[in-house]
Amino acid sequence: MRSLSRPEPWRRGPVFAALALLLGPLMLLHARIPSLGLNLGSLVETFLPWFGLFVPVLLAGALWRRSASAAVALLVPVTAWLTLYGGLLTDKSRPGGDLTVVSHNVGADNPDPAGTARDLAASGADLLALEELSQQARETYEKGLAKTYPHHTVRGTVGLWSKLPLSDTRPVDVKMDMGPLGESKPDEVTLEYNRGLRTTVATDQGPLAVYVAHLGSVRVNPRGGLSSGQRDAGARSLGRALAAERTERVVLLGDLNGTMDDRAFDSVTSQLRSAQEAAGSGFGFSWPAVFPVARIDQILVRGVEPVSAWLLPATGSDHLPVAARISW
């Protein structure tokens, strides 16, 4: 106390104190960060949870400088991070539920599609969405999942396997071909590379509309920042499809190539909520499988209640499967 009563500890470390005071508002006001030419806003929001790692770095600096002002200033970013993500640190799962859904980007380069099919068939899922289905591996998945799932539908590189009957299946345009000739290509050409579908699942409680989507990839580079134009266009198109959906109960499964903090998904997150955020534990990072740093594989719902959400063990893919249990 005598040491803190002196002015010296409060005058030391002004740079660390200033950085701490800037970090908190940066996290809280992330939606106001302009995109500019580097798509900076989306880039920050993609990795926003990791901004909490700056806190121990700044704390080490404050201790090194023996700066009381920098140490106290750290309360600002700590409070901001807990405001945004403190709720994810508790386990919100509950027992029960009526339906288990799983989504997995199986990876076009997966060296063991047969093993992946066996693992997914043993997951207990009632509905199983697969993304990045290659033409070569599709037959392997269809054969490996046929016994567990009597119903399935595939459109392009995405598919849904189900224990319940399916109907009214149609492709959903997620803007994977935005070139000048995209609109003029025949359906049989575009369907081969289609990455979105919508189908109706017949349940005891009535129809459930299920969307499966694999949005465009993003790239991060020093000159261009976050390159996500195709993904963003797909997200907007998906948002329009969801807005036009008349079925009361809706589930969206897929690799959206983005986190739900990203403003690019506002048209989707304004209509659906994340099962992981509502009923999971932790962040549920799903990519890359070897050391997950972001949750880009999503289960989003409307009109149903998520009661639990979790990750499944790694397969031969570079993504982890995501799972949720929902109730009516």
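Residues numbered from 1 in each chain as written. Predicted model: local features only at pLDDT ≥ 70, side-chain atom pairs only at ≥ 80, totals over all residues. Heavy atoms only, no water.

Caption draft 1: Highlighting the sheet that holds strand E3 (residues 151-155). Across the sheet, which stays open at both edges, the six strands sit in the order E3-E4-E2-E1-E14-E13 with mixed pairing between neighbours. Taken across any chain shown, the strands that pair with only one partner, and hence form the sheet edges, are E3 and strand E13 (305-311). The mean angle between the axes of side-by-side strands here comes to 15°, regardless of whether they run parallel or antiparallel. In the sheet, E13 pairs with strand E14 (residues 322-327) via six bridges, with the strands oriented antiparallel. Each bridged residue has a counterpart across the sheet, and for proline 306 the counterpart in E14 is isoleucine 326. (Pairing = 2+ DSSP bridges. Helix = DSSP H or I, 4+ residues; strand = E, 2+ residues; numbered from the N terminus. Axes fitted to C-alpha atoms, helices over the stretch in contact; angles between N-to-C directions.)

Caption draft 2: Representation of the sheet that holds strand E12 (residues 297-302) within the structure. Taken in spatial order, the six strands of this open sheet run E5-E6-E7-E10-E12-E11, and their pairing is mixed. The strands lining the two open edges of the sheet, one partner per strand, are strand E5 (166-171) and strand E11 (273-274). In this sheet, E12 lies alongside strand E10 (residues 250-255) in antiparallel orientation, the contact comprising six bridges. Considered in E12, the bridge of aspartate 255 is made with aspartate 297. Contacting strand E7 (206-214), E10 and E12, helix H10 (residues 229-244) runs over the sheet at an angle of about 175° to E7. (Contact = heavy atoms within 4.5 Å.)

Caption draft 3: Fine view of the packing of aromatic side chains. Counting across every chain of the model gives seven aromatic pairs. An angle of 90° between the planes, with centres 6.4 Å apart, marks the rings of phenylalanine 16 and tryptophan 64 as edge-to-face. In this pair, phenylalanine 16 sits in helix H2 (residues 14-28) while tryptophan 64 sits in helix H4 (residues 54-65), placing the two residues 48 residues apart along the sequence. Ring centres 5.2 Å apart and planes at 20° place the aromatic pair phenylalanine 283 and phenylalanine 285 in the stacked group. Of the aromatic side chains, those joined through ring pairs into one cluster are Trp50, Trp81, Tyr85, Phe283 and Phe285. The ring of tryptophan 64 has arginine 65 sitting right over it, with the charged end atom 6.0 Å from the ring centre. (Phe/Tyr/Trp six-rings, centres within 6.5 Å; stacked < 30°, edge-to-face > 60°. Lys NZ or Arg CZ within 6 Å of the ring centre and 35° of its normal.)

Caption draft 4: Geometry of the packing of helix H7 (residues 113-121) against helix H8 (residues 135-145). The geometry of H7 relative to H8 is characterised by a closest axis approach of 9 Å and an angle of 35° between their N-to-C directions. In this structure, H7 crosses over H8, and the sense of that crossing is right-handed. Side by side, H7 and H8 meet where Pro113, Ala114, Thr116, Ala117 and Ala121 of the first sit next to Ala137, Thr140, Tyr141, Gly144 and Leu145 of the second. (Left-handed = near helix turned anticlockwise from the far one by under 90°.)

Caption draft 5: Up close: the pattern of salt bridges. Within this structure, the stated rule accounts for ten salt bridges. For arginine 198, the salt bridge goes to aspartate 168, with nearest N and O atoms at 3.2 Å. On the criterion of sequence distance, the pair formed by arginine 198 in strand E6 (residues 196-203) and aspartate 168 in strand E5 is long-range, its members being 30 residues apart. With a closest N to O distance of 3.0 Å, glutamate 245 and arginine 198 form a salt bridge. Taken together, the positions of glutamate 245 in the loop between H10 and E10 and arginine 198 in strand E6 put the pair 47 residues apart, joining distant regions of the chain. On the accessibility criterion, glutamate 245 (8% relative accessible area) is buried. Residue class for arginine 198 comes out buried when judged on its relative accessible area of 3%. Beyond isolated ion pairs, a larger network of salt bridges with shared partners links Asp168, Arg170, Arg198 and Glu245. (Salt bridge = Lys/Arg side-chain N within 4 Å of Asp/Glu carboxyl O. Buried < 20%, exposed > 50% of the residue type's maximum accessible area, 1.4 Å probe, protein only.)

Caption draft 6: Looking closely at the nonpolar core. Membership of the largest hydrophobic core comes to 21 residues, with the highest contact counts inside it found for Leu127, Leu160, Leu208, Val210, Leu253 and Ile299. Those elements that place two or more of their residues in this core are strand E1 (99-105), strand E2 (127-131), strand E4 (158-162), E6, E7, E10, E12 and E14. (Core = buried A, V, L, I, M, F, W, Y, C linked by side-chain atoms within 4.5 Å.)

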